[in-house]
Amino acid sequence: MPTTVMAHLRKFCTLAMMASTLFTHAQCMRVHYGDGWTEQIDVATVDSITFDNNEQHLAPTIMLNNGLWMPAFGIGTYSLHNETCFNSVYTALKNGYRLIDTAYMYGNEDKVGRAVRQAIADGICKREDVTVIIKIYPGSQFANPEQAIQERIDKLNIGYVDIMLLHHLGDNDVKAYKAMEKQVETGRIHSLGISCFYIDELKRFCHK
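This section reports on the structure supplied with the text. In this text, all values refer to a predicted model and were calculated from it rather than measured experimentally.

Some points on the packing of aromatic side chains
So, point 1. Evaluated as defined, the whole model comprises 5 aromatic pairs.
So, point 2. With centroids separated by 6.4 Å and ring planes inclined at 80°, the aromatic side chains of F73 and Y97 adopt a geometry described as edge-to-face. Remark: Y97 occurs in the loop between α2 (82-94) and β10 (99-101) and F73 occurs in the loop between β8 (69-71) and β9 (75-76); sequence separation between them is 24 residues.
So, point 3. With 5.4 Å between their ring centres and 70° between their planes, Y78 and Y106 make a pair best called edge-to-face. In this pair, Y78 is assigned in the loop between β9 and α2 and Y106 in the loop between β10 and α3 (109-121), connecting sequence segments 28 residues apart.
So, point 4. You can call Y78 exposed: its relative accessible area is 60%.
So, point 5. Cluster of aromatic residues (ring-pair linked, three or more members): Y177, F197 and F205.
So, point 6. R114 extends its terminal NZ or CZ atom over the ring of F86, reaching a point 4.0 Å from the ring centre.
So, point 7. The cationic tip of R127 hangs over the ring face of Y160; the distance from NZ or CZ to the ring centre is 4.0 Å.

Here it is as structure tokens:
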């Protein structure tokens with residue numbers, strides 16, 4: 001592939017990663033590619049492929065600014081419901097996935113949590129090795145974020161939430177974010193972020 005095309009492709013991939021989700025507790029990332037090219041973006045470092053105790057390949061990991069790690073890719077659970085969701089998440093964990101993404105709007109948090117608990121019980125993984133992302137939604141959840149946060153934690157029932165995001169911008173989004181920050185202090189949430197914000201929306205959010 002011509003150098004200029006590769007450069008544009010890398011630039012696109014970098015921007016895509018930056019725009020998809022900004023973790024405020026993970027503001028610096030260095031991406032390493034096989035040909036020696038390195039890109040500095042906002043998250044601390046991306047590790048090489050690792051293995052678990054069963055010699056399964058695991059995803060590269062990213063160190064967040066708070067010292068915690070998360071896999072660079074995982075399984076999303078949008079449109080997965082009931083036993084299909086449970087079986088998909090459990091199978092993903094069995095095959096080495098360690099990042100699971102869900103949300104209030106997906107309606108499957110309890111199934112995701114049950115799959116994680118089952119995988120831990122079966123010795124497939126440890127809780128501390130799995131990163132679960134959850135999102136709260138604008139409207140009533142942003143208006144009463146404390147209740148929304150508690151409901152997310154209760155639905156998952158896996159002890160704590162690794163990463164909680166604002167799903168979209170909306171009224172009371174700053175209020176909701178500050179409520180999540182308080183839960184980081186208690187240890188019930190480990191990292192925070194936002195998703196589905198365009199650049200202009202992100203700038204407005206940061207200046208509220």
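Side note on the side chain of R98
So, point 1. The topology assignment puts R98 in the loop between α2 and β10.
So, point 2. There is a polar contact of 2.7 Å between the side chain of R98 and the backbone oxygen of L93.
So, point 3. Within the structure, the side chain of R98 is placed 3.3 Å from the backbone oxygen of I124, a separation counted as a polar contact.

Regarding the nonpolar core
So, point 1. Ranked by internal contacts, the top residues of the largest apolar core, which has 38 residues, are L93, I136, M164, L166 and M180.
So, point 2. Where this core is concerned, the elements lending two or more residues are α2, α3, β11 (131-136), α5 (145-156), β12 (161-166), α6 (173-186), β13 (189-195) and α7 (199-206).
So, point 3. Broken down by element, the residue count for this core peaks at 6 residues, all from α2.
So, point 4. With residues up to four places along the chain from it excluded, the contact list for L166 reads I136, F142, D173, A176, Y177, M180, G193, I194, S195, F197 and F205.
So, point 5. Grouped together as the second largest cluster of nonpolar side chains are 7 residues, L64, M70, L99 and L165 included.

Here we look at the pairing of β13
Moving residue by residue along a regular strand, the side chains alternate between the two faces of the sheet.
So, point 1. Burial analysis of β13 places 6 of its 7 residues in the buried class, which makes it a mostly covered element.
So, point 2. Here 5 bridges tie β12 to β13, and the two strands are oriented parallel to one another. Paired with I163 across the bridge in β13 is S191.
So, point 3. Crossover β12 to β13 through α6 is right-handed.

Considerations on unusual backbone geometry
For residues besides glycine, phi is generally negative; the peptide bonds are generally trans as well.
So, point 1. Positive phi, normally seen in glycine, also occurs at N82, with a value near 50°.
So, point 2. With respect to the helices and strands, the residue N82 is situated in helix α2.
So, point 3. Phi angles above zero are rare outside glycine, and N172 is one such case at about 70°.
So, point 4. Counting through the fold element by element, N172 comes out in the loop between β12 and α6.

A closer look at the pattern of salt bridges
Side chains bearing opposite charge may pair, as long as their charged atoms lie close to each other.
So, point 1. On inspection of all chains with the given rule, the structure shows 6 salt bridges.
So, point 2. A salt bridge links E109 to R152, with the nearest nitrogen and oxygen atoms 2.4 Å apart. In this pair, E109 sits in helix α3 while R152 sits in helix α5, placing the two residues 43 residues apart along the sequence. Comparing E109 with R152 shows no difference in burial state: the two are buried.
So, point 3. With a shortest N-O distance of 3.0 Å, D110 and K111 are connected by a salt bridge.
So, point 4. On the basis of relative accessibility, which here comes to 30%, the residue D110 falls in the partly exposed class.

Conventions we followed
- Residues numbered from 1 in each chain as written.
- Predicted model: local features only at pLDDT ≥ 70, side-chain atom pairs only at ≥ 80, totals over all residues.
- Heavy atoms only, no water.
- Phe/Tyr/Trp six-rings, centres within 6.5 Å; stacked < 30°, edge-to-face > 60°.
- Helix = DSSP H or I, 4+ residues; strand = E, 2+ residues; numbered from the N terminus.
- Buried < 20%, exposed > 50% of the residue type's maximum accessible area, 1.4 Å probe, protein only.
- Lys NZ or Arg CZ within 6 Å of the ring centre and 35° of its normal.
- Polar contact = N/O pair within 3.5 Å; in protein donor to acceptor, adjacent residues only side chain to side chain.
- Core = buried A, V, L, I, M, F, W, Y, C linked by side-chain atoms within 4.5 Å.
- Contact = heavy atoms within 4.5 Å.
- Pairing = 2+ DSSP bridges.
- Right-handed = clockwise from strand over helix to strand, strands pointing away.
- Salt bridge = Lys/Arg side-chain N within 4 Å of Asp/Glu carboxyl O.

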